[in-house]
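Observations on the three-dimensional arrangement
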Amino acid sequence: MERIVEQTLLYDFYGELLTDHQKQIYELYLDDYSLSEIAQEAGISRQGVHDLVKRCNKILEGYEEKLCLVEKFQAAKTKVSEIHKLAGAQADSNETVRRIEELSNEILEDF
């Protein structure tokens, strides 16, 4: 997964667990502000911004290691996509119906 997409997903799932200051800096970082721009906006050094972003990344990755919410979300998204493809299949068959039931049961068990 592309790094910025991964960081954005982690922030979407776990961002509320960061402090307000961390959220402010990290949101600017995700909005593609340069470290210098963020430093000027926040009134801290460029190195301070770099360290804070790095720390936030570790914190968010730590939450994902323990909770696996992004992983479960992506797995569910893949299964739902497969369900959509199967449901749109032109030929009805018992195998298709069986697979749809399997996938829907897996999704329900995961959540």
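Refer to the structure presented above.
Okay, so let's go over this structure. Quick caveat: nothing in here was measured; it's all calculated off a predicted structure.

Okay, the nonpolar core next. In this structure, Tyr-11, Ile-25, Tyr-26, Val-49 and Leu-60 are the most contacted members of the largest nonpolar core, which totals 18 residues. Every element with two or more residues in this core is listed here: α1 (3-14), α2 (20-30), α3 (35-42) and α4 (46-67). Broken down by element, this core gets its largest block of residues, five residues, from α4. In contact with Tyr-26, not counting residues within four places along its chain, are Gln-7, Tyr-11, Val-53, Cys-56, Asn-57 and Leu-60.

A few words on the environment of Leu-67. Looking at the element boundaries, Leu-67 is found in helix α4. Considered as a pair, Leu-67 and Tyr-26 are 41 residues apart in the sequence and their alpha carbons are 21 Å apart.

With that settled, the discussion passes to the packing of aromatic side chains. Considering all chains together, one arrives at five aromatic pairs under this definition. Between Phe-13 and Tyr-14, the ring centres sit 6.4 Å apart and the planes meet at 50 degrees, which makes this aromatic pair tilted. For Tyr-14, a relative accessible area of 1% puts it in the buried group. Consider the rings of Tyr-14 and Tyr-63, whose centres lie 5.8 Å apart with planes at 35 degrees: the pair is tilted. With a gap of 49 residues between them, Tyr-14 in helix α1 and Tyr-63 in helix α4 connect regions that are remote in the sequence. One aromatic cluster in this structure is built from Phe-13, Tyr-14, Tyr-63 and Phe-73.

Okay, the packing of α1 against helix α5 (residues 69-87) next. Packing of α1 against α5 leaves a shortest axis separation of 10 Å and a crossing angle of 110 degrees. Classed by the angle they form, the pair α1 and α5 counts as roughly perpendicular. Packed against α1, whose contacting residues are Leu-9, Leu-10, Phe-13 and Tyr-14, the element α5 presents Leu-69, Val-70, Phe-73 and Gln-74 at the interface. A per-class count over the contact of α1 with α5 returns seven nonpolar, one polar and no charged.

Procedures and definitions
Residues numbered from 1 in each chain as written. Predicted model: local features only at pLDDT ≥ 70, side-chain atom pairs only at ≥ 80, totals over all residues. Heavy atoms only, no water. Core = buried A, V, L, I, M, F, W, Y, C linked by side-chain atoms within 4.5 Å. Buried < 20%, exposed > 50% of the residue type's maximum accessible area, 1.4 Å probe, protein only. Helix = DSSP H or I, 4+ residues; strand = E, 2+ residues; numbered from the N terminus. Contact = heavy atoms within 4.5 Å. Phe/Tyr/Trp six-rings, centres within 6.5 Å; stacked < 30°, edge-to-face > 60°. Axes fitted to C-alpha atoms, helices over the stretch in contact; angles between N-to-C directions. Parallel < 35°, antiparallel > 145°, perpendicular 65-115°, else oblique. Nonpolar A, V, L, I, M, F, W, Y, C, P; charged D, E, K, R; others polar.

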